[in-house]
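For reference, the chains in residue letters:
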Amino acid sequence: MWDSLYTGVIQGDVKLIARAISLVENEQEGYIAFLEQLPQRAVPVLGITGPPGAGKSTLTDALIGMAVQQGKKVAVICIDPSSPFHFGALLGDRIRLNQWYLDDHVFIRSLASRGAMGGLNPKIIEITDLLKAAPFDLIIVETVGVGQSEVEIAGLAEVTVVVLVPEAGDEVQTMKAGLMEVADIFVVNKSDRPGATIFLKNLQQMLAPAFSGTSRLPLIVPTVAHEMKGVAELYAGLSRKIEEAHSNERKGWLLAEKAYQLLQKKRMQGIDRRRLKDAIEAGIRSGRFNLYQFVREHEK
Ligand SMILES: Nc1nc2c(ncn2[C@@H]2O[C@H](COP(=O)(O)OP(=O)(O)OP(=O)(O)O)[C@@H](O)[C@H]2O)c(=O)[nH]1
Ligand SMILES: [Mg+2]
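Cut-offs and rules
- Residues numbered from 1 in each chain as written.
- Chains lettered and ligands numbered in written order.
- Predicted model: local features only at pLDDT ≥ 70, side-chain atom pairs only at ≥ 80, totals over all residues.
- Heavy atoms only, no water.
- pLDDT = per-residue confidence, 0-100.
- Contact = heavy atoms within 4.5 Å.
- Phe/Tyr/Trp six-rings, centres within 6.5 Å; stacked < 30°, edge-to-face > 60°.
- Helix = DSSP H or I, 4+ residues; strand = E, 2+ residues; numbered from the N terminus.
- Buried < 20%, exposed > 50% of the residue type's maximum accessible area, 1.4 Å probe, protein only.
- Core = buried A, V, L, I, M, F, W, Y, C linked by side-chain atoms within 4.5 Å.

Observations regarding the confidence of the model for the protein
Then step 1. Residues at a pLDDT of 70 or more form 86% of the protein, whose mean pLDDT is 86.
Then step 2. Long-range and interchain partners of residues 83-89, a stretch whose pLDDT sits below 50, account for 6 contacts in this model, where long-range means more than four residues apart.

Put into structure tokens, the structure is as follows:
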């Protein structure tokens, strides 16, 4: 079974790619050996994050259009948060990216975010690596910026785009330091809305001192995604950032970050809060519970 999946992935058979993703997601026996066999092609991964409804899917749609026009093949992963404050994401993406579902230059897959912290999908590293073995020229991962996801995306993507909207004024004043560090490009989408010019200026003023003297000053690109305004500029900026990412030391850091996360998951395997609580309660009932002794016994 894995042999035919291997061939299918390499050849870009979308049905077999979809099946391989499901099997990896479900940790089907043999999946690690399968991943180890896959060739690692240097396909850039682009992360798109930002608050709910900022226009990430509309931008993704526009970027797919530009890439396809150049004859490129694109894979898109949409992470649907399973969190209660974001209903209907799946349907929204389906509708907005609809036109691409039947295009053989484009592969689209939705994955659930299963992390308690609103993070990405637990197998997102493995799944993007699987896609890198297939004949795609660009991989886009769209994720709603809640909880940990926007910091996680930066550990996954060569280039991270954070999409903001003018209404986010106050949020940006108190922008999480993490968000500022992860962005290679800030898109100010919905620039047709009132307050866009002031917002843009404030963002520039806020970022400039933070990055003065470094070469990592993020680009700021205003867009009106559904009218394709600014999208060509964004695409050009992206291409430049992707090239930079290939030529600098970021590659080593990215791989280190991935190795760290994979090792962390492996070491934490079988450790589960509910089971810990049950064991602790049993210990308390027996009248001999000591936290440090408990931890030492569970280290192995
Ligand atoms: N006025 C205006 N509306 C826009 C713009 N870009 C997108 N929209 C609209 O904003 C809404 C949300 O767009 P999406 O692309 O689904 O946003 P998203 O960030 O992918 O949303 P989630 O995935 O649900 O978080 C849609 O109704 C879009 O048509 C823009 O530049 N200006
Ligand atoms: Mg979306």
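Re the packing of aromatic side chains
Then step 1. Throughout the structure, instances matching the rule amount to 3 aromatic pairs.
Then step 2. Taking 4.7 Å as the distance between ring centres and 35° as the angle between the ring planes, the aromatic pair formed by Trp2 and Phe34 counts as tilted. Of this pair, Trp2 sits in helix H1 (residues 2-11) while Phe34 sits in helix H3 (residues 31-37), and the two are 32 residues apart along the sequence.
Then step 3. For Trp2, a relative accessible area of 16% gives the class buried.
Then step 4. Here Phe34 falls in the buried class, since its relative accessible area comes to 2%.
Then step 5. Taking the centre distance of 6.1 Å and the plane angle of 40° together, the rings of Phe107 and Phe136 count as tilted. Remark: Phe136 occurs in the loop between helix H6 (124-133) and strand E4 (138-144) and Phe107 occurs in strand E3 (residues 106-113); sequence separation between them is 29 residues. The same class applies to Phe107 as to Phe136, namely buried.

Details of the nonpolar core
Then step 1. Core analysis: the biggest nonpolar cluster contains 47 residues, and Leu46, Leu63, Ile64 and Ile140 have the highest contact counts within it.
Then step 2. Here this core gets 7 residues from one element, more than from any other, and that element is helix H4 (residues 56-69).
Then step 3. Ignoring anything within four residues of it in the chain, the contact list for Leu63 reads Leu46, Ile48, Ile140, Val231, Leu234, Tyr235 and Leu238.
Then step 4. Grouped together as the second largest cluster of nonpolar side chains are 33 residues, Val24, Ile125, Val141 and Leu156 included.

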